[in-house]
Amino acid sequence: MMASDLQMNSEQLRSKPPTRCRSPFNSIKFFVLCHGMLQLAQLLVSGYLKSSISTIERRYGFSSQKSGILASFNEVGNTVLIVFVSFFGSRVHRPRFIGGGALVASLAALMMALPHFISGPYEYTVHISQSKDDNSGLCQLESSFQTPLSNHSCTQQESHAQQGVFPLLLLGQLLLGIGGVPIQPFGISYIDDYASKRNSPFYLGILLAVTSIGPAFGFMMGSFMLKFYVDIDKMSKDEIGLERGDPRWVGAWWLGFVVAASFLFLTSLPYLFFPQQMPKEEATGNAKEPRAEEEKKPLPDLVQELTLKQFLKSFPRIALRTLRNPVYLLVVLAQVHLAAMIAGLATFMAKFIERQFTQTASFSNMMIGGVNIPLAVLGIVLGGALMRRLKISTRGSALMCTSAILMCVLTALPLLLLGCSTQRVTGVYPTKQNRSLECSSGCSCPTEAFNPVCGSDGVEFRSPCHAGCLTKVLDDNTSKILKYTDCGCIGVSGSYGYALPGTCGSDCKHLLLPFMVLSALTCFIASFSQTPSYMMILRTVRPEDKSFAVGVQYMLFRVLAFLPAPVLYGTAIDTTCIIWGKKCGRNTSCHYYNMDLFRQRFLGLQAFFVTGAFVCFLLSLLVLRHRAGKQGQQAGQGYTMIDREQSPDKKTKELQNMAA
């Protein structure tokens, strides 16, 4: 009796899963939860940088080209190292590599905020004192100073700190790209290895959704953070002399990086406790995983048996072989066009809305994060659902992509007409004058002065001094400047006029609504092409080349789109500048743009990339139709030219040849 009881107990103990399986770190569901939070944190940093790029530009006097280089620099480290991810695969402890990469990214986000702490307070040119007795910044007819007021703060220490800001930001972006290399590839492969076949697509769908909405959260956080003044940690609210609508306003751009770095750090910690291998997830419900002996015997993964030298030697050959596939090449080029458009718009669309429609940076980011990106996510989901519902073929996918991008062309072109010219600015636009106006020639105005005021006649001036204003009117309760009076350059009915603080703004505010509707509609329609274009890639390459094809695709995205596009957009924007800011004798960010040229070149690039994507998708459709015709002629021979299927023996032979 005792022997049988002992035997029964030992069998029960053997049938029970090990104790470590009960730990949450041995659950693939918990891994999916952690990975979703980590990807959200990673993309939060990326989206937040895009939302604050124009603010950083204004704070440190960068040109748009410099801002474009900064925005794309994280792709440098990512592009160099992403090739090795395909090689290492499951050879390494993937969760710890993910956690280590996230810690590096967290450090990089903190480094992005560091310039705020090592540089002095933000000093905008010609600060107007709120004291009744102090008339600095106004027209001073008997002034004896001979150097511009703004030059008084140009110390050598500040100059060195200013010069170190851009390299520090670039280093932060480089580390951010390096830290992000293992996160998505290792995470997806880990989930695919240990999730059940039934749940794996669902888990990957969750990660795709998080990947799509992550930047939206970044823009929304940017909208919130930029409402606070940049030096909120260095001065009280009463000491802040700018309003949010002032073109010199700089929001607390650094605060979002501190929050995102903390989030990244917290989400990286669980990965240090996940095992290198975990028990395979069991199927739930009535569906059961097929037994190992009933499953189709998988191909030997000879890629994982290659040495690093063999892998690096074989990679270019496989990449060239993949690129010789005309359908694959055309679809990837179409996606590159769309990726370049998205990269440029994500970086500078907020700045365009801010300038063209006279909106704050906070409001512009809210429009992108709350309208454009959610509609793009919705388009991706509906495009995938439509493909699944209609069971669309490869040629049908090409037709769907071509039709969607054609509609994008039709919605993108009218955007070029929605806008208006730069407001009238005396001495700047429509006629630029390098010399002082006669009415303010005796005011000794600083050459670097930028404190826009709007005259009572509707004309803007660069500063109260340039408008010839002698006095100011203060609010008795808040001591804030209400208006400037006795302005010699503003004549109304033969007498001196007055000027209000701030820019006159453009007359295009009423066009913001139709612009956002058309812009959001373009994003929504364009996103329909994402799922079918990916399916075209997977269906038109050899089965054994699918992983490499996707890897080459992402590499081309980075090299041809994500790296050059923001720089190209930024350079195009810089060519439309009328007056550059000056500080300590050096050019800073642009004060006034020719808005007609800004709109034409910025949105013209968008139309160019959309048209390029349409041409590539159309050519891929024509190639597929040509192949279908040949396939019909050779149907008797049983030869299929589109979705090629090869025997397992032939696939194994291909991989063996690659290892040779």
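About the cut-offs
- Residues numbered from 1 in each chain as written.
- Predicted model: local features only at pLDDT ≥ 70, side-chain atom pairs only at ≥ 80, totals over all residues.
- Heavy atoms only, no water.
- UniProt positions renumbered as here; feature names shortened; annotations may be inferred.
- Helix = DSSP H or I, 4+ residues; strand = E, 2+ residues; numbered from the N terminus.
- Buried < 20%, exposed > 50% of the residue type's maximum accessible area, 1.4 Å probe, protein only.
- Contact = heavy atoms within 4.5 Å.
- Areas by Shrake-Rupley, 256 points an atom, 1.4 Å probe, with all protein chains shown as cover.
- Core = buried A, V, L, I, M, F, W, Y, C linked by side-chain atoms within 4.5 Å.
- Axes fitted to C-alpha atoms, helices over the stretch in contact; angles between N-to-C directions.
- Parallel < 35°, antiparallel > 145°, perpendicular 65-115°, else oblique.
- Left-handed = near helix turned anticlockwise from the far one by under 90°.
- Nonpolar A, V, L, I, M, F, W, Y, C, P; charged D, E, K, R; others polar.
- pLDDT = per-residue confidence, 0-100.
- Phe/Tyr/Trp six-rings, centres within 6.5 Å; stacked < 30°, edge-to-face > 60°.
- Expected span 1.5 Å × (residues − 1).
- Arc of directions from axis to C-beta.
- Disulfide = S-S within 2.5 Å.
- Salt bridge = Lys/Arg side-chain N within 4 Å of Asp/Glu carboxyl O.
- Patch = residues over 30% accessible without salt bridge, like charges linked within 9 Å, V, L, I, M, F, W, Y side chains within 5 Å.
- Polar contact = N/O pair within 3.5 Å; in protein donor to acceptor, adjacent residues only side chain to side chain.

As recorded in an unreviewed UniProt entry, the protein goes by Solute carrier organic anion transporter family member and comes from Oncorhynchus mykiss. Check the Subcellular location (unreviewed entry) section of the UniProt entry for the protein; it says "Cell membrane". Reading the Sequence similarities (unreviewed entry) entry of the UniProt record for the protein gives the comment "Belongs to the organo anion transporter (TC 2.A.60) family."

Enquirer: I'd like to hear about the overall build of the protein, residue by residue, with values.
Expert: Scanning the protein for helices and strands turns up 20 helices and seven strands. Out of the 660 residues belonging to the protein, those deemed buried represent 50%. In the protein, the proportion of contacts linking residues at least 24 apart, taken out of those at least 6 apart, comes to 80%. Within the structure as shown, the protein displays about 31500 Å² of accessible surface, and the carbon and sulfur contribution to it stands at 60%.

Enquirer: Kindly report on the nonpolar core, identifying the contributing residues and their values.
Expert: In this structure, Met349, Phe352, Phe357, Phe515, Tyr569 and Phe602 are the most contacted members of the largest nonpolar core, which totals 74 residues. In terms of residue count, helix 12 (residues 326-356) provides more of this core than any other element does, 17 residues in total. Apart from residues no more than four positions distant in its own chain, Phe515 is found in contact with Met349, Phe352, Ile353, Phe357, Leu415, Leu418 and Leu603. Ranked by size, the runner-up nonpolar core spans 62 residues in total, among them Ile98, Ile183, Phe186 and Leu242.

Enquirer: Describe the environment of Gly177, listing the residues and the values that go with them.
Expert: Along the chain, Gly177 turns up in helix 7 (residues 165-180). Along the backbone, Gly177 and Ala108 are 69 residues apart, and their C-alpha atoms lie at a distance of 9.0 Å. Every residue in contact with Gly177, bar those within four places of it in the chain, is listed here: Asn74, Gly77 and Asn78.

Enquirer: Give me the packing of helix 2 (residues 28-60) against helix 8 (residues 183-194): which residues, what numbers.
Expert: Running from N to C, helix 2 and helix 8 point in directions that differ by 165 degrees, and their axes come no closer than 11 Å. By the angle between their axes, helix 2 is roughly antiparallel relative to helix 8. The crossing of helix 2 and helix 8 is left-handed. Contact with helix 2, carried on its side by Ile28, Phe31, Val32, His35, Leu38, Gln39 and Gln42, involves Ile183, Gln184, Gly187, Tyr190, Ile191 and Tyr194 of helix 8 and no other residues of that element.

Enquirer: I'd love a proper account of the side chain of Ser72, names of residues and values included.
Expert: One can find Ser72 in helix 3 (residues 64-72). For Ser72, a relative accessible area of 4% puts it in the buried group. Not counting the four nearest positions on each side in its chain, Ser72 is found in contact with Phe562, Leu563, Pro566 and Val567.

Enquirer: I'd like a rundown of the packing of helix 2 against helix 5 (residues 94-118), residues and numbers included.
Expert: At a minimum axis separation of 11 Å, helix 2 and helix 5 run at an interaxial angle of 20 degrees. Between helix 2 and helix 5, the angle is such that the two are roughly parallel. The handedness of the crossing between helix 2 and helix 5 is left-handed. Across from Phe31, His35, Leu38, Val45, Leu49 and Tyr60 in helix 2, the residues of helix 5 making contact are Ile98, Ala102, Ala109, Met112, Pro115 and His116. In terms of residue class, the contact of helix 2 with helix 5 is built from ten nonpolar, two polar and no charged.

Enquirer: Could you give me a rundown of the confidence of the model for the protein, with the residues and numbers involved?
Expert: On average, residues of the protein score 79 in pLDDT, and 79% of them reach the 70 mark or higher. Predicted confidence for residues 10-21 stays below pLDDT 50, and this span has five contacts to residues more than four positions away or in other chains. Scored below 50 in pLDDT, residues 639-651 shows 25 contacts in the model against residues more than four places distant or in partner chains.

Enquirer: Which residues make up the packing of aromatic side chains, and what are the values?
Expert: Within this structure, the stated rule accounts for 32 aromatic pairs. Note on Phe352 and Phe598: the rings are 5.6 Å apart at their centroids and 65 degrees apart in plane angle, and the pair reads as edge-to-face. In this pair, Phe352 sits in helix 12 while Phe598 sits in helix 19 (residues 595-633), placing the two residues 246 residues apart along the sequence. Under the relative-accessibility criterion, Phe352 is labelled buried at 0%. Residue class for Phe598 comes out buried when judged on its relative accessible area of 1%. The interplanar angle of 50 degrees and the centroid separation of 5.2 Å between the aromatic rings of Phe357 and Phe515 together place this pair among those described as tilted. With Phe357 in the loop between helix 12 and helix 13 (361-390) and Phe515 in helix 15 (residues 512-527), this residue pair connects regions lying 158 residues apart in the sequence. Taken individually, Phe357 and Phe515 each receive the classification buried, so the pair is uniform in this respect.

Enquirer: Go over helix 10 (residues 253-268) with me, naming the residues and quoting the values.
Expert: Note on helix geometry: an α-helix contains 3.6 residues per turn, so any two residues three or four positions apart are oriented the same way. Between its first and last C-alpha atoms helix 10 spans 24 Å; for 16 residues at 1.5 Å apiece the expected length is 22 Å, and the two agree. Listing the buried residues of helix 10 in full gives Trp253, Trp254, Gly256, Phe257, Ala260, Ala261, Leu264, Thr267 and Ser268. Looking straight down helix 10, one finds that the buried residues subtend no more than 150 degrees of arc, so they occupy a single side.

Enquirer: Could you give an account of the state of the cysteines, naming the residues involved and the relevant values?
Expert: This structure, assessed with the given rule, holds six disulfides. Linked covalently through their sulfurs, Cys139 and Cys443 form a disulfide whose S-S length is 1.8 Å. Between Cys139 and Cys443, the disulfide has an S-S torsion of -75 degrees and is therefore left-handed. In this pair, Cys139 is assigned in the loop between helix 5 and helix 6 (156-163) and Cys443 in the loop between helix 14 (394-412) and strand 1 (453-455), connecting sequence segments 304 residues apart. Residue class for Cys443 comes out buried when judged on its relative accessible area of 2%.

Enquirer: Residue-level account of the pattern of salt bridges, with values.
Expert: Tallied over the entire structure, the rule returns five salt bridges. The salt bridge partner of Asp246 is Arg248, with a shortest N-O separation of 3.1 Å. The exposure class assigned to Arg248 is buried, which follows from its relative accessible area of 7%. Across the pair Arg599 and Asp596 runs a salt bridge, and its minimum N-O distance is 3.0 Å. Within this pair, Arg599 and its partner Asp596 are both found in helix 19, separated by three residues, close to a single helical turn.

Enquirer: A description of the environment of Met595 should follow, citing residues and the corresponding values.
Expert: Among the structural elements, Met595 can be located in helix 19. Counting along the chain gives 243 residues from Met595 to Phe352, while the straight-line C-alpha distance between them is 9.2 Å.

Enquirer: How would you summarise a nonpolar patch on the surface if you had to cite specific residues and measurements?
Expert: Among the surface-exposed residues, Leu103, Phe265, Leu266, Leu269, Leu272 and Phe273 lie close enough to one another that they form a single nonpolar patch of about 540 Å² accessible area. With a relative accessible area of 56%, Phe273 lands in the exposed category.

Enquirer: Can you break down the side chain of Ser64 residue by residue, with the values?
Expert: Within the fold, Ser64 resides in helix 3. For Ser64, a relative accessible area of 0% gives the class buried. Engagement of the side chain of Ser64 in a polar contact is seen with the side chain of Lys351, the distance being 2.7 Å. Ignoring sequence-local partners within four residues, the contact set of Ser64 consists of Glu57, Phe348, Lys351, Gly570, Ile573, Asp574 and Tyr593.

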